[in-house]
Amino acid sequence: MKYKLLGSAMAVLMLLCALGASAVDRDSGANRYHQHLSAPVPREECGCGGEDLCTHLPIIRIETGGQEIPGSIIRDPEDEDVVLGYTTTETGAEEILVSIETVEAEGVWHHASDEADQSGLAWFRIRGNSSRNFPKKNYRIELVADETGTQNLELPLLGMDPDNDWALHGPFLDKTLLRNYVWMNLSAEIMGYAPEMRFCEVLLDGEYIGVYVLMETIKEDEYRVDLSDYEAGAGAYSYLLEMDGVSDAQTPASGVTEAIVESYTWYTNQMEFDEVSTTAFYIRYPHAEDLTEEVIDYIQRDISRIERGLYSSDMVTGRYDYEEEIDVDSFVDYYILQEFLAVNDAFSRSTYLYRDIRGKLNIGPVWDYNNVLNNFFHEFSREGFLLEDRSWYGRLMTDEGFVQRVIARYRQLRQGILSDDYLDAYIDDVVEYLGPAIQRNDEVWGWSYDPDLLEVRQRREPDADETLEDANPHSYEDAVGRMKGYMFSRAEWLDENIQSLYQYCHRSKNAAQWVQ
């Protein structure tokens with residue numbers, strides 16, 4: 001055990017050194033809680049005999065009372081690619097009421113039969129997009145005070161700040177179990193706030209269902225995205241936006257919208273990164289009951305003013321000072337993280353922006369790193385830039401000053417928190433912390449290392465020169481090795497090519513927009 005303690009101390013020291021090298025000055029990131037470094041592990045072996053689940057990780061117990069959990073995908077029987085909707089209860093409800101308990105006391109072994117440290121009721125359903133296809137489901141938890149389900153209950157689950165709204169993430173395609181935990185934590189160190197999270201093991205109706213990650217959701221809140229309070233009729237409003245896909249049923253033309261911001265890029269399809277996707281800004285704060293025409297109009301005018309500047313020739317000639325409107329540091333850090341991790345849907349899906357009436361427009365918090373570092377359904381190249389010509393970033397990259405800041409910040413981070421040595425050690429420390437929980441998870445889900453047992457939407461598909469076995473990891477160690485190998489290779493390519501970003505701000509690239 002003394003070697004484990006020494007290793008943890010060295011890991012903390014490395015984190016502090018990396019933060020110093022990266023010159024991180026974001027207050028909320030500086031106080032980030034890294035579970036694998038800070039959670040006390042029991043010093044003595046447990047004497048329970050191993051007949052019950054025995055773990056150093058917190059345990060979450062959920063009881064449905066035999067109800068079927070809504071939220072599974074309903075596909076068109078005529079065309080499996082068409083999603084018709086999601087399952088509901090017999091009464092048409094999208095959630096069920098369940099009981100939830102946690103066993104989370106620090107510094108002791110936890111067992112399935114231990115007395116609960118926290119308990120309550122919650123609305124419960126399956127959540128996610130592509131992850132709904134997986135047998136290991138992701139869940140949404142909304143704590144409520146009583147069986148009426150009408151009043152929220154805020155609890156500090158697993159030591160995080162109190163709230164009622166949580167996501168229970170069950171890594172399945174990510175066989176390492178690590179991606180969201182590692183990269184949300186490190187993103188917080190680089191950018192500031194990102195949702196807090198804790199590893200745990202979950203029992204659903206008494207059945208062990210593996211290692212999960214309990215995560216804060218992104219919302220306006222004192223402990224999450226802290227914005228000034230909404231005041232009706234104030235004339236100016238703080239807001240939180242989410243970029244996500246749009247179905248025909250959600251478009252303004254249909255007459256049924258989910259508070260979509262109808263800005264310049266909405267009408268000109270400037271947000272799209274392929275020929276079939278449609279992207280929009282959704283208003284997540286102020287809340288739906290406060291979204292009057294005045295509020296929506298204010299947010300649309302604010303975003304449209306920024307976009308008019310970005311998409312005008314003044315952006316290229318330097319007459320538009322975008323730094324007056326946006327927090328450039330946040331856009332720089334976001335760009336670097338998305339490129340470093342090769343995030344396919346960056347600045348299109350799972351992307352958030354917020355603006356407090358007291359400040360500038362920020363991008364973030366980051367969300368959903370489950371598919372980063374080549375953990376997509378098909379091979380993702382280690383080479384090439386992803387964001388240099390995508391929507392707002394295509395415009396920001398026309399400015400030499402922005403490109404200079406990206407390159408300088410990238411070089412700085414590669415000397416600290418994004419260095420190969422730091423990342424290698426950080427990942428190894430998390431794997432060591434999980435310890436026997438990995439084997440327990442594999443006892444339930446280890447069959448999925450055989451891609452022949454999986455459906456197409458549950459595995460990675462091979463390239464032309466690969467077999468199905470080549471494309472998918474065949475063990476936990478293989479999965480971690482593949483993730484690290486891609487990460488180091490991607491970083492090497494960026495190291496060698498980051499300077500070539502200057503081509504996108506060269507005058508010859510944007511000659512048509514220069515005004516003599």
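None of the values given here were measured: they were computed from a predicted structure. (Residues numbered from 1 in each chain as written. Predicted model: local features only at pLDDT ≥ 70, side-chain atom pairs only at ≥ 80, totals over all residues. Heavy atoms only, no water.)

K.L.:
Explanation requested: a negative patch on the surface in the structure shown.
P.N.:
Residues Asp450, Asp452, Asp463, Asp465, Glu469 and Asp470 make up a contiguous surface patch of negative charge. As for its placement among the helices and strands, Asp452 is situated in the loop between helix H12 (436-445) and helix H13 (468-471). (Patch = residues over 30% accessible without salt bridge, like charges linked within 9 Å, V, L, I, M, F, W, Y side chains within 5 Å. Areas by Shrake-Rupley, 256 points an atom, 1.4 Å probe, with all protein chains shown as cover. Salt bridge = Lys/Arg side-chain N within 4 Å of Asp/Glu carboxyl O. Lys, Arg positive; Asp, Glu negative; His and termini not counted. Charge placed at Lys NZ, Arg CZ, Asp CG, Glu CD. Helix = DSSP H or I, 4+ residues; strand = E, 2+ residues; numbered from the N terminus.)

K.L.:
Hey, could you run me through the sheet that holds strand S9 (residues 165-169) in this one?
P.N.:
Adjacent strands of a sheet pair through backbone hydrogen bonds, lying either parallel or antiparallel. The 7 strands lie next to each other as S2-S5-S7-S8-S9-S11-S10, forming a closed barrel whose pairing is mixed. Across the sheet, the mean angle separating the axes of adjacent strands is 40° when strand polarity is ignored. As paired strands, strand S2 (residues 59-63) and strand S10 (residues 197-204) are joined by 4 bridges and run parallel to one another. Paired with Ile60 across the strands is Val202, a residue of S10. In the packing of H12 onto the sheet, the strands contacted are S10 and strand S11 (207-216), and the crossing angle to S11 comes to about 120°. (Pairing = 2+ DSSP bridges. Axes fitted to C-alpha atoms, helices over the stretch in contact; angles between N-to-C directions. Contact = heavy atoms within 4.5 Å.)

K.L.:
Looking at this structure, I do not really get the pattern of salt bridges. What am I missing?
P.N.:
A side chain of one charge can pair with a side chain of the opposite charge if their charged atoms are brought near each other. Using the criterion set out here, one finds 29 salt bridges in the structure. For Glu101, the salt bridge goes to Arg61, with nearest N and O atoms at 2.9 Å. Note that Glu101 is positioned in strand S5 (residues 96-103) and Arg61 in strand S2, a separation of 40 residues in sequence. For Arg490, the salt bridge is made with Glu339, and the minimal N-O distance between the two is 3.1 Å. Of this pair, Arg490 sits in helix H14 (residues 476-497) while Glu339 sits in helix H8 (residues 328-341), and the two are 151 residues apart along the sequence. Taking relative accessible area as the criterion, Arg490 reaches 1% and is therefore assigned buried. Looking at Glu339, the relative accessible area reads 3%, which means it is buried. Each of Asp302, Arg305, Glu325 and Arg355 takes part in one network of salt bridges that share partners. (Buried < 20%, exposed > 50% of the residue type's maximum accessible area, 1.4 Å probe, protein only.)

K.L.:
Can you help me understand the sheet that holds strand S13 (residues 279-285) in this one?
P.N.:
In space, the 4 strands of this open sheet follow the order S13-S12-S14-S15, with antiparallel pairing throughout. One side of each edge strand has no neighbouring strand; the edge strands of this open sheet are S13 and strand S15 (361-363). This sheet shows a mean twist of 25° between the axes of neighbouring strands, independent of strand direction. Strand direction decides the pairing type here: strand S12 (residues 239-245) and strand S14 (residues 351-355), joined by 5 bridges, are antiparallel. Within S14, the position partnered with Glu242 by the bridge is Tyr352. Relative to the sheet, helix H6 (residues 293-310) contacts S12, S13, S14 and S15, its axis offset from that of S12 by approximately 70°. Where H8 meets the sheet, its contacts fall on S14 and S15, and the angle it forms with S15 comes to roughly 15°.

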